[in-house]
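Given next are the chains, with one letter for each unit.
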Amino acid sequence: MLTDGVRLTDHHCHGVHTGNSDRRGFERLLGEGAHGSFDSAIGLAVRRWCAPALDLPAHVSPDVYLRHRTRLGAREVAARLLRATGVTRWYLDTGIGGGTADFAALVDGEVREVVRLEEVAERVVAQVGAVSGVYERIEAELRARAARAIGLKTIVAYRCGLDFPVRDHPPTSFAPEHGLTDPHVLGWLVGLGARIGAEFGLPLQFHTGFGDPDLRLRHSDPLLLTDFLRRTAGTGLSVMLLHCWPFHRHAAYLAHVFDHVHLDLGLTIPYVGQRAGAVLAETLELAPFRALCYSSDGYGLPELHYLGALLWRRGLGKLIDEWIADDAITTADAEVLVNAIAHGNAERVYRARFEHPVG
């Protein structure tokens, strides 16, 4: 396959847990809900693909897999699986899952930080409260963090949905005891992130599509961002739509009509298992090849980072082999396509960060 051995840039992922887990703890991290399970497509994938990577036979039982994992130690497991991904650049969302230093000790390649807008705002509010000048403090802290970052990220889809009101100025009142859930405050924060992203050359990542159970899925459809995308077109901002399932065709349409929109399939790939190629095919029906990036969205379990890479390689590799066999694409063009999605598109977009020096 043309995808074998190609280096990857994982433009959105998280840190891993390096303590041993029992079956309940492992399965909790294996799903987006409170109770993941080996009895799932991703559970099958762990037993099929992660087991051999840890010197076990394929398809071992969950209990055998977990006992062997405990014997190796979680830190050794993490180092083996992360270094087997073929990822040479990791862009880490530090809003959950730990910082870059701990992760860098486990992986090969460059590790850079993606700063989460809501985490910065909540930290400032926790320090100073809803005092006069809190919005200015949030902006100052976000600018300071952005100066060292590779990208910005928002989870506004979780907090109020993607149909937030876009604001240039913050509302006059702010009730921190209610948490950062006010749509008007969030609209101002995302607008601030967009302005800083355009100024510093930092892409702004949006969680879209499925996730934890506190998400209302219908409010995470990227089509709800259409007005925001119209408003930010031509400003210099690059928008990254993350994960996208089951709205991956909607995200592909947005990338088709807006030049500054890019997308990935993120956590979708490991969770759909053998169906990874089908989801990639549906996304590439309309998405420009220059717009699709690779990410794993791995969090907690290094198995997720590993499966993100392996199933992406297998899924895209089989799809490209079919296209070549049908004479839909030349081998030379296929190589260009694979390298663009694997690392070239992300490196081109995030490179803008270094072409806009700060300070």
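In what follows, the structure referred to is the one given above.
Here the structure is a predicted model, which is why all the values come from computation and not from measurement.

### Some thoughts on a nonpolar patch on the surface
Turning to step 1, where the next piece is worked out: Taken together, the side chains of Leu-223, Tyr-253, Val-257 and Leu-286 make up a nonpolar region of the molecular surface, amounting to roughly 310 Å² of accessible area.
Turning to step 2, where the next piece is worked out: By secondary structure assignment, the location of Leu-286 is in the loop between helix H13 (276-283) and helix H14 (302-325).

### As for the pattern of salt bridges
When the charged atoms of two side chains with opposite charge come close together, those side chains can pair.
Turning to step 1, where the next piece is worked out: Scanning the entire structure with this criterion turns up 23 salt bridges.
Turning to step 2, where the next piece is worked out: The shortest N-O distance in the salt bridge between Glu-27 and Arg-23 comes to 3.6 Å. Pair noted here: Glu-27 and Arg-23 are both in helix H1 (residues 23-29), with a separation of 4 residues, about one helical turn.
Turning to step 3, where the next piece is worked out: With a relative accessible area of 14%, Glu-27 lands in the buried category.
Turning to step 4, where the next piece is worked out: Residues Arg-80 and Glu-76 are paired through a salt bridge, measuring 2.9 Å at the closest nitrogen-oxygen approach. Highlighted residues: Arg-80 and Glu-76, both in helix H4 (residues 74-83), separated by 4 residues, approximately one helical turn.
Turning to step 5, where the next piece is worked out: One salt-bridge network, held together by shared partners, links Arg-7, Arg-89, Glu-110, Arg-112 and Glu-347.

### Quick notes on helix H2 (residues 41-53)
Turning to step 1, where the next piece is worked out: With 13 residues, H2 extends 18 Å between its outermost C-alpha atoms, agreeing within 8% with the 18 Å of an ideal straight helix rising 1.5 Å per residue.
Turning to step 2, where the next piece is worked out: Its axis deflected by about 30 degrees at Arg-47, H2 carries its strongest bend there.
Turning to step 3, where the next piece is worked out: All buried positions along H2 are accounted for by Ile-42, Gly-43, Ala-45, Val-46, Trp-49, Cys-50 and Ala-51.
Turning to step 4, where the next piece is worked out: Tucked inside the fold, the buried residues of H2 contact H1, helix H3 (62-72), helix H12 (268-272) and H14.
Turning to step 5, where the next piece is worked out: Residue Asp-55 follows H2 closely and has a positive phi angle near 70 degrees.

### Quick look at the packing of aromatic side chains
Turning to step 1, where the next piece is worked out: Counting across every chain of the model gives 12 aromatic pairs.
Turning to step 2, where the next piece is worked out: Relative to Phe-103, the ring of Trp-90 lies with its centre 5.2 Å away and its plane at 75 degrees, an arrangement referred to as edge-to-face. Placement of the pair is Trp-90 in strand E2 (residues 87-93) and Phe-103 in helix H5 (residues 100-104), with a sequence separation of 13 residues.
Turning to step 3, where the next piece is worked out: Using a relative accessible area of 0% as the deciding quantity, one classes Trp-90 as buried.
Turning to step 4, where the next piece is worked out: For the ring pair Tyr-91 and Tyr-350, a centre distance of 5.0 Å and an interplane angle of 55 degrees mean the geometry is tilted.

### Focus: a negative patch on the surface
Turning to step 1, where the next piece is worked out: A contiguous patch of negative charge, built from Asp-321, Glu-322, Asp-326 and Asp-327, is present on the exposed surface.
Turning to step 2, where the next piece is worked out: Looking at where Asp-326 falls in the secondary structure, it is placed in the loop between H14 and helix H15 (331-351).

### Some thoughts on H13
Turning to step 1, where the next piece is worked out: For H13, the full list of buried residues reads Ala-276, Gly-277, Val-279, Leu-280 and Thr-283. End-on, the buried residues of H13 take up no more than an arc of 165 degrees, which puts them together on one face.
Turning to step 2, where the next piece is worked out: Each element contacted by the buried residues of H13 is listed here: helix H11 (248-257), strand E7 (261-263), H12 and H14.

### Quick notes on the packing of helix H6 (residues 117-128) against helix H9 (residues 183-200)
Turning to step 1, where the next piece is worked out: Two numbers describe how H6 lies on H9: the axes approach to 10 Å, and their chain directions differ by 120 degrees. The element H6 and its partner H9 pack so that their crossing is right-handed. Counting all contacts with H6, which are made through Leu-117, Glu-118 and Ala-121, the residues of H9 involved are Leu-186, Leu-189, Val-190 and Gly-193.
Turning to step 2, where the next piece is worked out: Of the residues that constitute the contact of H6 with H9, the class distribution is 5 nonpolar, 1 polar and 1 charged.

### Brief notes about the nonpolar core
Turning to step 1, where the next piece is worked out: Core analysis: the largest hydrophobic core is formed by 109 residues, its most contacted members being Tyr-65, Phe-206, Phe-228, Leu-241 and Trp-312.
Turning to step 2, where the next piece is worked out: Not counting the four nearest positions on each side in its chain, Tyr-65 is found in contact with Phe-26, Val-46, Cys-50, Ala-51, Leu-54, Leu-56, Val-60 and Glu-303.

### Some remarks on the sheet that holds strand E1 (residues 8-13)
Turning to step 1, where the next piece is worked out: Pairing is parallel across the open sheet formed by 7 strands, whose spatial order is E1-E2-E3-E4-E5-E6-E7. Strand pairing shows two members of the sheet lacking a second neighbour, E1 and E7, which therefore form its edges. Across this sheet, the average inter-strand angle for adjacent strands is 25 degrees, counted without regard to direction.
Turning to step 2, where the next piece is worked out: Bridge count for strand E5 (residues 204-208) against strand E6 (residues 239-243) is 5 bridges, and the pairing is parallel. Bridge pairing in E6 places Thr-208 opposite His-243.

### Topic: the environment of Phe-247
Turning to step 1, where the next piece is worked out: Residue position: Phe-247 is located in the loop between E6 and H11.
Turning to step 2, where the next piece is worked out: Sequence separation between Phe-247 and Gly-161 is 86 residues; the distance between their C-alpha atoms is 14 Å.
Turning to step 3, where the next piece is worked out: Each residue touching Phe-247, except ones within four places of it in the same chain, is listed here: Gly-209, Leu-217, Ser-220, Asp-221 and Pro-222.

Parameters at a glance
- Position numbers for residues count from 1 along each chain, tracking the sequence in the order it is written.
- Per-residue local features of the predicted model are confined to residues with pLDDT of at least 70, and side-chain atom pairs are confined, for both listing and counting, to 80 or more; whole-chain, interface and lining totals are unaffected and use all residues.
- Side-chain figures throughout are based on the complete set of non-hydrogen atoms in the structure, without hydrogens or water.
- Patches here are clusters of residues that have more than 30% relative accessible area and form no salt bridge, with a 9 Å joining cutoff for like charges and a 5 Å cutoff for nonpolar side chains (Val, Leu, Ile, Met, Phe, Trp, Tyr).
- In these tables, accessible area is a Shrake-Rupley quantity obtained with a 1.4 Å probe, and a residue counts as shielded only by the protein chains included in the view.
- Salt bridge, as used here, is a side-chain nitrogen of Lys or Arg placed within 4 Å of a carboxyl oxygen of Asp or Glu.
- Where helices and strands are cited, they refer to DSSP runs of H or I of at least four residues and of E of at least two residues respectively, numbered from the N terminus.
- Think of it in three bands: with a 1.4 Å probe and only protein chains considered, a residue is buried below 20% of the maximum accessible area for its type, exposed above 50%, and partly exposed in between.
- One less than the number of residues in a helix, times 1.5 Å, gives the span that helix is expected to have.
- The reported bend at a residue is simply the angle between two axes, fitted to the 7 residues ending at it and to the 7 residues beginning with it.
- Any two residues whose heavy atoms approach within 4.5 Å are treated as being in contact.
- Here is the rule: rings of Phe, Tyr and Trp (six-membered ring for Trp) pair when centre to centre is within 6.5 Å. Planes less than 30 degrees apart are stacked, more than 60 are edge-to-face, and the remainder are tilted.
- In this tally Asp and Glu are treated as negative and Lys and Arg as positive; neither His nor the chain ends contributes.
- To locate a charge, the coordinates of NZ of Lys, CZ of Arg, CG of Asp or CD of Glu are taken.
- Of all possible arcs, the one meant is that of the directions from the helix axis to the C-beta atoms.
- Only C-alpha atoms enter the line fits that serve as axes; for helices the fit covers just the stretch in contact. Angles between N-to-C directions range over 0 to 180 degrees.
- A crossing counts as left-handed when the near helix is turned anticlockwise from the far one by less than a right angle, and as right-handed when that turn is clockwise.
- Polar here means any residue outside two lists: the nonpolar Ala, Val, Leu, Ile, Met, Phe, Trp, Tyr, Cys and Pro, and the charged Asp, Glu, Lys and Arg; Gly therefore counts as polar.
- Put simply, buried Ala, Val, Leu, Ile, Met, Phe, Trp, Tyr and Cys residues joined by side-chain atoms within 4.5 Å make one nonpolar core.
- By this definition, two strands are paired if DSSP reports at least two bridges between them.

Honestly, that's just the spatial picture; any functional story needs more than this.
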